[in-house]
Amino acid sequence: MRRKNEKNIPEKGKLADLVLLEANPLDDIRNTEKISAVVANGRLVAKSELRTMLANVEAAANKRSKPFKGGTNERESRGVSNH
């Protein structure tokens, strides 16, 4: 039977997904946003690569998002009065 405190402990020779922080989140919860690197599936993803990935996702999202053209609402854009 597995003991509770043995679960999810990184060990030599085992894979683990980790988020490496620049500051202790127990001191300030906002420190969870200060990501230094990520280890996922045994691969280190450095801060610079994380920034590039985020910029690519943001650019793709902005391409998909098309602003509404026309009046302030759909009825006005078709020339229908609200009065």
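Quick caveat: nothing in here was measured; it's all calculated off a predicted structure. (Residues numbered from 1 in each chain as written. Predicted model: local features only at pLDDT ≥ 70, side-chain atom pairs only at ≥ 80, totals over all residues. Heavy atoms only, no water.)

### With respect to the overall build of the protein
Argument step 1. Each helix and strand counted, the protein has two helices and three strands in total.
Argument step 2. Reading the secondary structure of the protein in the N-to-C direction produces β-β-β-α-α.
Argument step 3. The contacts of the protein with a sequence gap of at least 6 include a subset with a gap of at least 24, amounting to 8%.
Argument step 4. Summed over its atoms, the accessible surface of the protein is roughly 7900 Å², and 53% of this surface lies on carbon and sulfur atoms. (Helix = DSSP H or I, 4+ residues; strand = E, 2+ residues; numbered from the N terminus. Contact = heavy atoms within 4.5 Å. Areas by Shrake-Rupley, 256 points an atom, 1.4 Å probe, with all protein chains shown as cover.)

### Quick look at the confidence of the model for the protein
Argument step 1. On average, residues of the protein carry a pLDDT of 82, and 70% of them reach 70 or more.
Argument step 2. Ranking the elements of the protein by mean pLDDT puts helix H2 (residues 74-77) last, at 55, and strand E1 (residues 18-21) first, at 95. (pLDDT = per-residue confidence, 0-100.)

### Brief notes about the pattern of salt bridges
Any two side chains of opposite charge can pair if their charged atoms end up close together.
Argument step 1. With the rule as written, the count across this model stands at four salt bridges.
Argument step 2. Between Arg30 and Asp28 there is a salt bridge whose closest N-O contact spans 2.8 Å.
Argument step 3. Judged by its relative accessible area of 56%, Arg30 falls in the exposed class.
Argument step 4. For Asp28, a relative accessible area of 25% gives the class partly exposed.
Argument step 5. Residues Arg43 and Glu49 are paired through a salt bridge, measuring 2.4 Å at the closest nitrogen-oxygen approach.
Argument step 6. Since its relative accessible area comes to 43%, Arg43 is described here as partly exposed. (Salt bridge = Lys/Arg side-chain N within 4 Å of Asp/Glu carboxyl O. Buried < 20%, exposed > 50% of the residue type's maximum accessible area, 1.4 Å probe, protein only.)

### Notes on a nonpolar patch on the surface
Argument step 1. Taken together, the side chains of Leu18, Leu20 and Leu44 define a hydrophobic patch exposed on the protein surface, amounting to about 250 Å² of accessible area.
Argument step 2. Relative to the elements of secondary structure, Leu18 occurs in strand E1.
Argument step 3. For Leu18, a relative accessible area of 34% translates into the label partly exposed. (Patch = residues over 30% accessible without salt bridge, like charges linked within 9 Å, V, L, I, M, F, W, Y side chains within 5 Å.)

### Things to note about the sheet that holds E1
Two orientations exist for strands paired in a sheet by backbone hydrogen bonds: parallel and antiparallel.
Argument step 1. Ordered in space as E1-E2-E3, the three strands form an open sheet in which the pairing is antiparallel. Looking at which strands have only one partner, the edges of the open sheet turn out to be E1 and strand E3 (43-46). Taken pair by pair, the neighbouring strands of this sheet meet at an average axis angle of 20 degrees, ignoring direction.
Argument step 2. Where strand E2 (residues 35-40) and E3 come together, four bridges link them in antiparallel fashion. When the bridges of E3 are listed, Ala37 appears paired with Ala46.
Argument step 3. On top of the sheet, helix H1 (residues 47-64) reaches E2 and E3; it is set at about 75 degrees to E3, its chief contact. (Pairing = 2+ DSSP bridges. Axes fitted to C-alpha atoms, helices over the stretch in contact; angles between N-to-C directions.)

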